[in-house]
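Here is how the chains run, residue by residue.
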Amino acid sequence: MPEAPFTPATAAIRLTHWLDAAAAAGLQRFPVDVEQLALYVGKELKWPDPIFQVVAADIPSFEGGLFHVEDQGWALLYNRKMTSEGRIRFTQAHELGHYLIHRLAQQEFQCSQADMVHWGPEMRSIEAEADDFASNLLMPMKQFRACTSASDIDFDVLSDASNKFGVSLTAAALRWIRSTEQSAVLILSRDGFMDWAISSDKARSNGAFYKTKGRVVELPSGSIAADESIAACRDGNQISLSTWFEHAHRDAVAREMKLVCENYGYTLTLLSLSNGDKAWAPRDWGDT
Ligand SMILES: [Zn+2]
């Protein structure tokens, strides 16, 4: 009987079991060696078209690709110009996700930026699925939680996680904001404007979110993020929540953390809110 097709979650779980077993036998568990795994996975699954090659290539217009080659299987390419090991690992894992989940639908995949922002329950494109798989494979929830369960999250905790799992700080921060039960908002900005802002489930249910898709949203004046004289505030400073969310109670206080990533020309901001603080505009209150 044919197996059910892989979903991002079932594919990551299958490979995570293999990697856990290999670690029990003495192999290093993290960071995941995606290159070795990619060359192994098709053979282990007894598929007729394994990945036969993982290679750095000069591919100016995209970061990663997966190409079917007649009679050989699949070639997994990644951009030679990428300098960050974390970006390379995530890109390779993203392409491995396409192989496991989407290879019957397409003969080739060219991925411009595995920027990880498409992943999450609200987007179900194949790019989002490949990112979702990569995130689950590289940062399994059990080990990720154990690494980030500090009561006060900050960029030092996330930086330690990014080192352990061999991913970018942004990938680790996204994993955290998507899975935490705390109320928090993660923002990536350039030149004073938000590229994107992602709220944890708790923050979203309290009305603390920004809509950035297709909009120009400026960083609020008075925020640490907007203050160009501050390059880093890794463990955070107290700030009035109403600086970020004008309808928040005027006594409500949040902790704002900031990191300027000069290599990539962007700033990461993490806002940590109290779970009870709400930011809805008055008319948005459900029962009034
Ligand atoms: Zn892709």
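Residues numbered from 1 in each chain as written. Predicted model: local features only at pLDDT ≥ 70, side-chain atom pairs only at ≥ 80, totals over all residues. Heavy atoms only, no water.

1. Digging into the overall build of the chain
Item 1. Secondary structure summary: the chain contains nine helices and nine strands in total.
Item 2. Scaling as 2.2 N^0.38, a compact globule of 288 residues should have a C-alpha radius of gyration of about 19 Å, and the chain matches this with 20 Å.
Item 3. Looking at the chain residue by residue over its 288 residues, the buried ones come to 52%.
Item 4. A fraction of 56% describes how many contacts in the chain between residues 6 or more apart in sequence connect residues 24 or more apart. (Helix = DSSP H or I, 4+ residues; strand = E, 2+ residues; numbered from the N terminus. Rg over C-alpha atoms; globule rule 2.2 N^0.38 Å. Buried < 20%, exposed > 50% of the residue type's maximum accessible area, 1.4 Å probe, protein only. Contact = heavy atoms within 4.5 Å.)

2. Considerations on the state of the cysteines
Item 1. Under the definition given, this model contains zero disulfides.
Item 2. Cys147 forms no disulfide, and the closest cysteine sulfur to it belongs to Cys261, at a distance of 18 Å. (Disulfide = S-S within 2.5 Å.)

3. Comments concerning the confidence of the model for the chain
Item 1. For the chain, the average pLDDT comes to 91, and 93% of its residues sit at 70 or higher.
Item 2. Highest mean pLDDT in the chain belongs to helix H9 (residues 241-244) (98); lowest belongs to strand S4 (residues 108-111) (92).
Item 3. Low pLDDT, under 50, characterises residues 119-123; the predicted model gives this stretch 13 contacts beyond four residues in sequence or across chains. (pLDDT = per-residue confidence, 0-100.)

4. What to know about the coordination of the zinc ion
Item 1. Note on the zinc ion: its protein donors are His94 (NE2), His98 (NE2), Cys111 (SG), Glu127 (OE) and Glu127 (OE). The metal-donor distances range over 2.0 to 2.8 Å.
Item 2. For the zinc ion, the donor residues sit on a single chain with the sequence spacing H-x3-H-x12-C-x15-E. In this pair, His94 sits in helix H3 (residues 85-102) while Glu127 sits in helix H4 (residues 126-138), placing the two residues 33 residues apart along the sequence.
Item 3. The exposure class of Glu127 is partly exposed, given its relative accessible area of 24%. (Donors = N, O, S within 2.8 Å, 3.2 Å for Na, K, Ca; no water.)

5. A closer look at the side chain of Asn206
Item 1. Its place among the elements puts Asn206 in the loop between helix H8 (201-205) and strand S7 (232-240).
Item 2. Accessibility expressed as a relative area gives 3% for Asn206, which makes it buried.
Item 3. Side-chain polar atoms of Asn206 contact the backbone oxygen of Asp277, separated by 3.3 Å.
Item 4. Residues within four places of Asn206 in sequence aside, it is in contact with Ser183, Asn275, Asp277, Lys278, Ala279 and Trp280. (Polar contact = N/O pair within 3.5 Å; in protein donor to acceptor, adjacent residues only side chain to side chain.)

6. Some thoughts on helix H1 (residues 8-24)
Item 1. Taking 1.5 Å of rise per residue, 17 residues should cover 24 Å, and H1 covers 24 Å from first to last C-alpha, within 8% of that figure.
Item 2. For H1, the complete set of buried residues consists of Pro8, Ala11, Ala12, Leu15, Thr16, Trp18 and Leu19. The buried side chains of H1 occupy one side of the element, clustering within an arc of 160° when seen end-on. Exposed positions of H1 whose direction lies more than 90 degrees from the buried face are His17 and Ala24.
Item 3. Buried residues along H1 sit against helix H2 (34-44), H3 and H4.
Item 4. Positive phi shows up at Gly26, right after H1, with a value of about 110°. (Expected span 1.5 Å × (residues − 1). Arc of directions from axis to C-beta.)

7. Overview of the pairing of strand S2 (residues 64-69)
Item 1. Strand direction decides the pairing type here: S2 and strand S3 (residues 73-79), joined by six bridges, are antiparallel. Counterpart to Gly64 in the pairing with S3 is Tyr78.
Item 2. In this structure, S2 lies alongside S4, joined through four bridges in antiparallel fashion. Each bridged residue has a counterpart across the sheet, and for Gly65 the counterpart in S4 is Gln110. (Pairing = 2+ DSSP bridges.)

8. Examining the environment of Pro50
Item 1. Along the chain, Pro50 turns up in the loop between H2 and strand S1 (51-57).
Item 2. Exposure remark for Pro50: the relative accessible area of 16% places this residue in the buried category.
Item 3. Sequence-wise, Pro50 and Tyr40 are ten residues apart; in three dimensions their C-alpha atoms are separated by 8.1 Å.
Item 4. Residues contacting Pro50, with those up to four places away along its chain left out, are Gly42, Lys43, Gln72, Gly73, Trp74 and Tyr99.

9. Side note on the sheet that holds strand S6 (residues 193-199)
Item 1. Reading across from one edge, S6-S5-S9-S8-S7 is the order of the five strands in this open sheet, with antiparallel pairing throughout. Looking at the sheet topology across the chains shown, the edges are occupied by S6 and S7. Within this sheet the neighbouring strands show an average axis-to-axis angle of 20°, counted without direction.
Item 2. With respect to the sheet, helix H6 (residues 155-165) is in contact with S7, strand S8 (253-261) and strand S9 (266-273), its orientation differing from that of S9 by roughly 120°.
Item 3. Sheet strands in contact with helix H7 (residues 169-179) are strand S5 (183-190), S6, S8 and S9, and its direction is about 150° off that of S5. (Axes fitted to C-alpha atoms, helices over the stretch in contact; angles between N-to-C directions.)

10. A word on the pattern of salt bridges
Item 1. On inspection of all chains with the given rule, the structure shows seven salt bridges.
Item 2. Residue Glu85 pairs with Arg89 through a salt bridge whose shortest N-O separation is 3.9 Å. Separated by four residues within a single helix, Glu85 and Arg89 lie in helix H3, roughly one turn from each other.
Item 3. On the basis of relative accessibility, which here comes to 60%, the residue Glu85 falls in the exposed class.
Item 4. When its relative accessible area of 14% is taken as the criterion, Arg89 is described as buried.
Item 5. A salt bridge links Asp195 to Arg190, with the nearest nitrogen and oxygen atoms 2.8 Å apart.
Item 6. Residue classification places Asp195 among the partly exposed residues on the basis of a relative accessible area of 36%.
Item 7. Overall, Arg190 belongs to the partly exposed group, its relative accessible area being 34%. (Salt bridge = Lys/Arg side-chain N within 4 Å of Asp/Glu carboxyl O.)

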